[in-house]
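Listed here are the chains, written in short residue letters.
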Amino acid sequence: MNIRKKPAASIAGKGQHSTRPEDQRLPIASTFAYGFQHVLTMYGGIIAPPLIIGAAAGMSSQDIGLLIAACLFVGGLATILQTIGVPFFGSQLPLVQGVSFAGVSTMVAIVHGGGGIQAVFGSVIAASLIGLLITPLFSKIIRFFPPVVTGTVITTIGLTLMPVAANWAMGGNNKAENYGSMANIGLAAATMAIVLLLSKVGSAAISRLSILLAMVLGTLIAFAFGMADFSKVAQGEIVAFPTPFAFGPPVFEIAAIISMLIVILVTLTETSADIIAVGEIVGTKVDSKRIGDGLRADMLSSAISPLFNSFTQSAFAQNVGLVAITGVKSRFVVSAGGLILVILGLLPVLGRVVAAVPTPVLGGAGVVLFGTVAASGIRTLAKVEYKNNMNLIIVAASIGFGMIPIAAPAFYDQFPSWFGTIFHSGISSAAVMAILLNLLFNHFKAGNSENQSVFVAGTGRVIREEDLKCLADGDRFEGGKLIDCDGKEVPVQSSEKASDH
């Protein structure tokens, strides 16, 4: 739905005299309508992580459906905690919570490391509890996570997920006869084309929902060509409360916990940025106490989520953008969206429907979806200052290091298992390198050379000394032409003609 920005007075409930814009109350119908729009905006993002992790763990479509339902359920509870708030937990801002992409590649690495989904749940619980304990100290160490670090990590997240999208586009199962067939890739291409076309439509609402709508249309195309199978959707309960530890008790592995702790630090940084951003959009005061309450809600939700078979929780940046676009600042609207997520999470049949979407359709949408994550990181890196410092080499080395396990998955096979678990994840590799290099070059400056390296020299324009000697006093460039001190144009001779003389 396309919503125009309305003055605060026109959307505030009768008799409401709130001193904070986020405390505005709307009529029930409007509250749930706007809340549903928040759900639609983040729906494609929240179902992607359980699809990826479930597929990596070799789960059946029924089990993946259970994971999806669990992520919706926990995301709804986390959203309600963040927006309504209780003492010490919840920023009371319009922030939608859910499973983010930040930990996906790390969780896949843990699954492939032999621990399975139980080791993933154990690492999430332990790392989130550590995150909860360090929240009071995080405001002091957040300076070690500037945009050069967070931008690098977010970019790497998107890049490391690209092989997943490519595998999906080819069919998902490399042992299947039709893996990589033109039919599969053609379906993925058609889905991607629909995403791009819908993004170009004049309607802002359709453009924002392009991923979700493209998945629906791509599935219909697949069904028409006999490439979609929904026979297993009816197998299982329609309505069910998430079963605690449905996949077994959590397993706690030190290497997996360390790897996940890096993800938690990135999540804390992202959520801090989202809290500050939405505070500016809403026009309300955001102090250190409010940030701390928001981060504690994040960590508490993440620590409890594995109990209901879900993963780390984080604020969704795309919904922060939706608040800016619509001008609807009420936190109760987002709370309504959280309630809708809880209800959807109680419908495992819905999760099975999503799990039955043909894999090539997911691949076509995933190329754009994961690319958007990488683009968000590049946008953050665009804000970084690269002049007269070593930030470029920090970004270059960190992204390059993060790409090693993606380009060569067997690179760490001969390393100790604990080392491989941490660094087989591109996101963990890039984060460790970015943090260490940022400390080395931007905090421990002793030994830094005034004559910066060739990498820094290459970031600006240079001119050869022999070319400079050809210029006379008063020479200048105007409109692409070289003009001398008398105002006459100096002919520019091509290198080919010069070599003839």
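These figures come from a predicted structure and were not determined experimentally.

J.: Explain the overall build of the protein to me, using residue names and the numbers behind them.
T.: For the protein, the helix and strand inventory stands at 20 helices and four strands. Contacts in the protein between residues far apart in sequence, at least 24 positions, make up 79% of those at least 6 positions apart. Here the protein displays about 23500 Å² of accessible surface, and carbon together with sulfur accounts for 65% of that area.

J.: So what about the nonpolar core? Which residues, and what values?
T.: In this structure, Tyr43, Phe101, Ile117, Val120, Ile157, Phe311 and Phe370 are the most contacted members of the largest nonpolar core, which totals 104 residues. The element that contributes the greatest number of residues to this core is helix α4 (residues 104-141), accounting for twelve residues. In contact with Tyr43, other than residues within four places in its own chain, are Leu72, Leu212, Leu344, Leu350 and Val354.

J.: How would you explain the environment of Phe145 if you had to name every residue and give the values?
T.: By secondary structure assignment, the location of Phe145 is in the loop between α4 and α5 (147-170). For the pair Phe145 and Val266, spaced 121 residues apart in the sequence, the C-alpha separation amounts to 8.1 Å. Once you skip the residues sitting within four places of it in the chain, Phe145 turns out to touch Phe138, Thr150, Leu265, Thr269 and Ile435.

J.: How would you sum up the packing of aromatic side chains? Please name residues and give values.
T.: Two measures describe an aromatic ring pair: the distance that separates the ring centres and the angle between the ring planes. Taken as a whole, this structure holds eight aromatic pairs when the rule is applied. Note on Phe73 and Phe308: the rings are 5.7 Å apart at their centroids and 65° apart in plane angle, and the pair reads as edge-to-face. Of this pair, Phe73 sits in helix α3 (residues 61-84) while Phe308 sits in the loop between α10 (288-304) and β2 (313-315), and the two are 235 residues apart along the sequence. Look at Tyr412 and Phe415: their rings are 5.2 Å apart centre to centre, the planes differ by 70°, and that puts the pair in the edge-to-face class. The class of Tyr412 is buried, set by a relative accessible area of 5%. Its relative accessible area of 36% is what places Phe415 among the partly exposed residues. A network of ring pairs unites the aromatic residues Phe401, Phe411, Tyr412, Phe415 and Phe423 as a single cluster. One residue, Arg25, lies across the ring of Phe332, its end atom 3.9 Å from the ring centre.

Reading the values: rules and limits
Note on numbering: residues in each chain are counted from 1, in written sequence order. Where local features are concerned, this predicted model is filtered to residues with pLDDT of at least 70; where side-chain atom pairs are given and counted, the filter is 80 or more; whole-chain, interface and lining totals use all residues. As a rule here, side-chain values cover all heavy atoms of the structure and leave hydrogens and water aside. What counts as a helix is a DSSP run of H or I of at least four residues, what counts as a strand is a run of E of at least two, and both are numbered from the N terminus. Contacts between residues were defined by any pair of non-hydrogen atoms, one from each residue, lying within 4.5 Å. Each accessible area is a Shrake-Rupley estimate made with a 1.4 Å probe; only the visible protein chains count as cover when residues are assessed. Definition used in this section: a nonpolar core is a set of buried Ala, Val, Leu, Ile, Met, Phe, Trp, Tyr and Cys residues joined via side-chain atoms within 4.5 Å. Whether a residue is buried, partly exposed or exposed follows from its accessible area with a 1.4 Å probe, protein chains only, as a fraction of its type maximum: under 20%, in between, or over 50%, in that order. Centre distance within 6.5 Å is the pairing criterion for rings of Phe, Tyr and Trp, where only the six-membered ring of Trp is used; planes under 30 degrees apart are then read as stacked, over 60 as edge-to-face, and the remainder as tilted. The criterion for a charge sitting over a ring is simple: Lys NZ or Arg CZ within 6 Å of the ring centre, and within 35 degrees of the ring normal.

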